[in-house]
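The primary structure of each chain is shown beneath.
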2 protein chains.
Amino acid sequence: MASLLLHVDDGAEVPLHRQIFDGIRNRILAGEVAAGVRLPSSRQLAIELGVARSTVLQALDALIAEGFLVSRAASSVCVAPELPVAREFAAVRRVAATGRMPRLSAVARLLLATPTGAPRLGAAPRAFRPGIPALDLFPAALWARIAARTHARAGFALLEGGDPAGHRDFRAAVAAHVSAARGVRCTSEQVFVTAGTQPALEEILRLVLDPGAAAWIENPGYLGTRRAVLTARGRAIPIRVDAEGLDVGEGVRRAPDARIALVAPSHQYPLGVTMSLARRMALLAWAARARAVVVEDDYDCEFRHRGRPLTALQGLDEAGCVIYVGTFSKTMFPGLRIGFLVAPPALLKVFAAARADGFAPASALEQEALAAFIEEGHFATHLRRMRVAYRERSAALLAALQSDCGGVLTPRSGDAGMQLTAELDPAISDRAVRAAAAQRGVEVAALSEYCLGAERRNGLVFGFGCVRPAEMRAGTRLLAEAIAAVRRR
Amino acid sequence: MASLLLHVDDGAEVPLHRQIFDGIRNRILAGEVAAGVRLPSSRQLAIELGVARSTVLQALDALIAEGFLVSRAASSVCVAPELPVAREFAAVRRVAATGRMPRLSAVARLLLATPTGAPRLGAAPRAFRPGIPALDLFPAALWARIAARTHARAGFALLEGGDPAGHRDFRAAVAAHVSAARGVRCTSEQVFVTAGTQPALEEILRLVLDPGAAAWIENPGYLGTRRAVLTARGRAIPIRVDAEGLDVGEGVRRAPDARIALVAPSHQYPLGVTMSLARRMALLAWAARARAVVVEDDYDCEFRHRGRPLTALQGLDEAGCVIYVGTFSKTMFPGLRIGFLVAPPALLKVFAAARADGFAPASALEQEALAAFIEEGHFATHLRRMRVAYRERSAALLAALQSDCGGVLTPRSGDAGMQLTAELDPAISDRAVRAAAAQRGVEVAALSEYCLGAERRNGLVFGFGCVRPAEMRAGTRLLAEAIAAVRRR
């Protein structure tokens, strides 16, 4: 009979029976207790360890169930006689000791080497983190009431998850909204719910882009698009963005055979330009001829500060090339994780096939709540209020930048959205300013980080959505300090 | 001055101003109204169309904003003089008329050709749809209360979405649960929230599997795993499953250089077998030597009807090869769309890099609610109740099958989970029975559909989770009719 020399720790988080289980198992696996050996009785073990006998029995039962021990007679428990595992375990331990890790894919190695955007200084929103809406103005109590009602009324169909394309009522609400507000031509059958823009891009690229195939992306452009093409193992072709948006002519010259173009025609990120009608038509004509897909990322289309928002490129698409991508991260809040794509009719079958046997990647109950929020008019009301708020915040940021950083920063016209880009004096590195600002607790993004290849831009990208007008100056003063510190070097 | 010959429809869903916008835009794009032509005044148009003048002005403003029209004098609006788009538009229309669709990736073509599981007969759960828990016993009112509370208290950090790996409290709750209940050894930093099992598999495969690289999958096995390998462009190597689980020896012989093995060791789907200790150790030893990854899909581990659940394979992993994948789809409800993966320490960096600049793909508020549900003990209580319920339902299904289909169906021992597989008389095709059952409103899955290559199995897979014991016979009687109908052919 072996003495097991176990130790248990009463104050540990791991329950006692699990500690006993682990202790005996590890001694068997390490070969320290030989095959066939009889264990002390549960009563003896309980006394030895100072624990209840039931605790010991719980551990022994588990070890029997897993094949480490065998129960012979009433109170006799032995190590399994034929346990061909100790040797294997020793081999694993030897490999583990070498510290070698599992091999990664080429994509994983690229992702590890890809720059990320501005580092987040803590979880709570702060000046001037891009992409964060005015959470202080979100009608959280109203949303909570509607969510509570939806949860309370949820039937089996909602709990079950429903259609892999998304919850029916929600798709209908989205189709109605984007038709009326964005001039998107679609039925609810064309709407596929996603967990946001990035997953939507990944889903689309999987179905359109073969590894090594070319994809036009905007330069400078949204880092998430670049990342999505990389993840899809595609060949990203960065196309210059000028005052009219993506230079379609350059795309046609450099990669006429591209399979996809990823654009934000309503409000390009980070430059904020709108694609001209001529460029829109040229893009659609190329896509139709090349049988390529155009992805229209309409991420903050709703917030135009002057005039009315332009209608979506999708509304001009006669050939069924455009996939429209929208998100509620900016219009509601990012933690919601609900977005959508609108597929052209010819692609409905393949999007459905890709999700067959699956689920829409968003909470069915939250989809239902959001459908109600839209249908009851709260969404439209909220958008109207946000337009006013962002106009105000945009003006406040412009004034604050003028006061504190007037000499070195030249803001581009910010007539839409919740971001503003400013050109920085070429003598001052935007990445150095970003780092110096971060040291002072201010987040800004560096424009140069969004550029690829020969494209060189030096500037800062400000998110003003989550910053109250009265707090702008606090941020821009710290930023001015950061810029001064970089200049002194 | 052109007459526009527009028509608007007062009863249509599309707002009147949008109809006018579309009408004028399309006539310009089609070249039916020439560049530079002056339009009738808004007053004239309003009278012609029988609408308010403000409606016309809304449409004209939008057309000016988009570049179709230009405003000259006070009341004079013309078609833009240099509109190089009519020709492009005509070209697009010509292509569109040929009905050619965008080119798809090889993966998309494969997905279109991949069989899906049993077709869903409507949205509501029904006998015997696999994978659906006992929604009738889910404490929906309690969950609604907790969700309401969480929504009502949500602060900016939750609305903002927080850590791309997932909400901190939730990751801590998951780590504590899987440590205690499943013997998984992890800290909360190793937990990454996913939108369910399928997205978790896709995320893992992207980081581990290069296109064309080999992946062991179980044969027969879960269709979602096969689909995930296909989507990752990997080479699926189907490995036979016997009474001890996946035949590791066969894997080593056929694809020693595989980069990943995807297994469900606790409760294999669809056979329901548990992987033996010897096989577990052999699998881990191979993975450590090959620097491969083992994905442990622990999808319905919590529901063992007899004895205690075996601990997770992950708990035996000394070399850091195992990625544990769990879901709340079976323990809570599928519409929740919350799952998780537990990455080994050596892979934390790459999983974080893959999500950099992104968001955890699940509602932050629902994560918070689920964390509270777990921490307050409701989850453990619910699991205990479900264990009793599934034991009852499993027994009821066995009895019902014995009564109605005893001669032709031989159930495998169903000692875990919410599914049961029964071998079918080889003379009767399982797919024919599935189709005949579907005609009678009963869903079953065909075992043969889960097999690849030379593997031939004939049987039916029943989900009994969502079927009340009293309703089993209604289902099995219809199934018996279906089987009889197939036999008569």
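Since we're looking at a predicted model, the values are computed, not measured.

The rules we used
Residues numbered from 1 in each chain as written. Chains lettered and ligands numbered in written order. Predicted model: local features only at pLDDT ≥ 70, side-chain atom pairs only at ≥ 80, totals over all residues. Heavy atoms only, no water. Helix = DSSP H or I, 4+ residues; strand = E, 2+ residues; numbered from the N terminus. Rg over C-alpha atoms; globule rule 2.2 N^0.38 Å. Buried < 20%, exposed > 50% of the residue type's maximum accessible area, 1.4 Å probe, protein only. Pairing = 2+ DSSP bridges. Core = buried A, V, L, I, M, F, W, Y, C linked by side-chain atoms within 4.5 Å. Contact = heavy atoms within 4.5 Å. Buried area = accessible area lost by both parts, 1.4 Å probe. Salt bridge = Lys/Arg side-chain N within 4 Å of Asp/Glu carboxyl O. Polar contact = N/O pair within 3.5 Å; in protein donor to acceptor, adjacent residues only side chain to side chain. Nonpolar A, V, L, I, M, F, W, Y, C, P; charged D, E, K, R; others polar. Least-squares fit on C-alpha atoms with pLDDT ≥ 70 in both. Phe/Tyr/Trp six-rings, centres within 6.5 Å; stacked < 30°, edge-to-face > 60°. Lys NZ or Arg CZ within 6 Å of the ring centre and 35° of its normal. Axes fitted to C-alpha atoms, helices over the stretch in contact; angles between N-to-C directions. Right-handed = clockwise from strand over helix to strand, strands pointing away. pLDDT = per-residue confidence, 0-100. Expected span 1.5 Å × (residues − 1). Left-handed = near helix turned anticlockwise from the far one by under 90°.

Right, let's talk about the overall build of chain A for a bit. For chain A, the count of helices and strands is 17 helices and 14 strands. Taking 23 Å as the expected radius of gyration for a compact globule of 489 residues, we find that chain A reaches 29 Å, considerably beyond that expectation. Here the C-alpha coordinates of chain A stretch approximately 85 × 60 × 50 Å along the principal axes. Every one of the 489 residues in chain A was classed for burial, and the buried ones make up 61%.

Below, the discussion takes up the sheet that holds strand S11 (residues 409-411) of chain A. Residue and element names in this part refer to chain A. One open sheet holds the 4 strands; their spatial order is S11-S12-S14-S13, and the pairing between them is antiparallel. Edge positions in the sheet fall to S11 and strand S13 (445-446), since each of these pairs with one other strand and no more. The sheet contact formed by S13 and strand S14 (residues 459-463) spans 2 bridges and is antiparallel. Each residue of the ladder has a partner; that of Ala446, found in S14, is Leu460.

Our next topic: the nonpolar core. Counting residues in each nonpolar core, the largest one holds 74 residues, and the members touching the most others are Trp143(B), Phe328(B), Met332(B), Leu370(B), Leu409(B), Phe462(B) and Leu479(B). When residues of this core are assigned to their parent elements, the largest contribution, 9 residues, is made by helix H15 (residues 378-405) of chain B. Phe328(A), Leu401(A), Cys405(A) and Ala432(A) belong to the second-largest nonpolar core, a separate cluster that totals 73 residues.

Taken together, the contact pairs 119 residues of chain B with 119 residues of chain A. Roughly 10200 Å² is buried in total at the junction of chain B and chain A, and carbon and sulfur atoms are behind 61% of that figure. Between chain B and chain A we count 4 salt bridges in total. Here Glu202(A) and Arg206(B) are joined by a salt bridge, their closest N and O atoms 3.5 Å apart. Joining chain B to chain A, the criterion identifies 34 residue pairs in polar contact (both at pLDDT 80 or more). Among the elements that line the side of chain B that touches chain A, the one with the most residues is helix H12 (residues 277-290) of chain B, at 9 residues. Among the residues forming the side of chain B that touches chain A, the class breakdown is 72 nonpolar, 16 polar and 31 charged.

A few words now on the relation of the copies chain B and chain A. Each copy superposes on the other: chain B lies on chain A with an RMSD of 0.1 Å after a rotation of 180° and an axial shift of 0.0 Å. Here the symmetry operator amounts to a two-fold rotation axis. Minimal C-alpha separation from the rotation axis in chain B is found for Ala148(B), amounting to 2.3 Å.

On to the environment of Ala172(B), then. Along the chain, the position of Ala172(B) falls in helix H8 (residues 168-182). Of the residues examined, Ala172(B) reaches a relative accessible area of 34% and is grouped as partly exposed.

What follows covers the packing of aromatic side chains. One pass over the structure, following the stated rule, counts 26 aromatic pairs over all chains. These aromatic residues form a ring-pair network of at least three members: Phe170(A), Tyr324(A), Phe328(A), Phe340(A) and Phe379(A). Directly above the aromatic system of Phe192(B) lies the positively charged group of Arg171(B), at a separation of 5.8 Å from the ring centroid.

All names here are of chain B. Across the sheet, which stays open at both edges, the 4 strands sit in the order S11-S12-S14-S13 with antiparallel pairing between neighbours. Here the strands that pair on one side only, and so sit at the sheet edges, are strand S11 (409-411) and strand S13 (445-446). Its contacts with the sheet put H15 on S11, strand S12 (419-424) and strand S14 (459-463), and the angle it makes with S11 is roughly 160°.

Residues and elements named next belong to chain A. Residues Ile260 and Leu262 of strand S7 (residues 260-263) are buried on one face, and the alternating residues Ala261 and Val263, pointing to the opposite face, are buried as well. Pairing of strand S4 (residues 214-219) with S7, which is carried by 3 bridges, proceeds in the parallel orientation. The partner of Ile217 across the bridge, within S7, is Leu262. The pairing of S7 with strand S8 (residues 293-297) spans 4 bridges and is classified as parallel. Bridging across to S8, Leu262 finds its partner in Val295. Chirality of the crossover, the property in question, places the unit of S7, helix H12 (residues 277-290) and S8 among those that are right-handed.

Take the environment of Ser394(B) next. Along the polypeptide, Ser394(B) turns up in helix H15. Between the C-alpha atoms of Ser394(B) and Phe464(B), which are 70 residues apart in sequence, the distance is 6.7 Å.

Further remarks concern the pairing of S4(A). Working note: regular strand, side chains alternate between the two faces of the sheet. Extensive coverage of S4(A) is indicated by the burial of 6 of its 6 residues. The alternating pattern of S4(A) places Ala214(A), Trp216(A) and Glu218(A) on one face and Ala215(A), Ile217(A) and Asn219(A) on the opposite face, and all of these are buried.

Looking along the chain, the bond that leaves Tyr269(A) and enters Pro270(A) is cis, with omega of 10°. By the element assignment, Pro270(A) lies in the loop between S7 and H12. The linkage connecting Ala127(B) with the following residue, Phe128(B), adopts the cis geometry, with an omega of -5°. The phi dihedral of Arg291(B) is positive, around 50°, even though this residue is not glycine. Tracing the backbone shows Arg291(B) in the loop between H12 and strand S8 (293-297).

A pair can form between side chains of opposite charge whenever their charged atoms are brought close. By the definition in use, this model includes 49 salt bridges over all chains. Across the pair Arg171(A) and Asp163(A) runs a salt bridge, and its minimum N-O distance is 3.5 Å. Residue classification places Arg171(A) among the buried positions, given a relative accessible area of 9%. By relative accessible area, Asp163(A) is classed as partly exposed at 37%. One salt bridge connects Arg434(B) with Glu449(B), and the closest N-O pair in it is separated by 2.3 Å. Highlighted residues: Arg434(B) in helix H16 (residues 430-439) and Glu449(B) in the loop between S13 and S14, separated in sequence by 15 residues.

Next up on the list: the confidence of the model for chain A. Scored by pLDDT, chain A comes out at a mean of 91, with 97% of its residues at no less than 70. Model confidence for the complex is summarised by a pTM of 0.92, with the ipTM given as 0.92.

With that settled, the discussion passes to helix H17 (residues 472-488) of chain B. All names here are of chain B. Its 17 residues give H17 an end-to-end C-alpha distance of 24 Å, which sits within 8% of 24 Å, the value for a rise of 1.5 Å per residue. By the burial criterion, the buried members of H17 are Met472, Gly475, Thr476, Leu479, Ala482, Ile483, Ala485 and Val486. On the buried face of H17, the contacting elements are H15, S11, S12, H16 and S14.

Positionally, Arg129(A) belongs in the loop between helix H5 (106-113) and helix H6 (140-153). A distance of 2.8 Å separates polar atoms of two side chains, one belonging to Arg129(A) and the other to Glu443(A). At a separation of 2.5 Å, a polar atom in the side chain of Arg129(A) contacts the side chain of Glu160(B). Other than its neighbours up to four places away in sequence, Arg129(A) contacts Arg120(A), Leu121(A), Gly122(A), Ala123(A), Ala124(A), Glu443(A), Gly463(A), Cys466(A) and Glu160(B).

Moving on, we get to the packing of helix H2 (residues 42-49) of chain A against helix H3 (residues 53-65) of chain A. Residue and element names in this part refer to chain A. Orientation of H2 relative to H3, taken along the N-to-C sense of each, is 120°, at an axis distance of 8 Å. Relative to H3, the crossing made by H2 is right-handed. The segment H2 lies against H3, with Ser42, Arg43, Leu45 and Ala46 engaging Arg53, Val56, Leu57 and Leu60. Class assignment for the residues of the contact of H2 with H3 results in 5 nonpolar, 1 polar and 2 charged.

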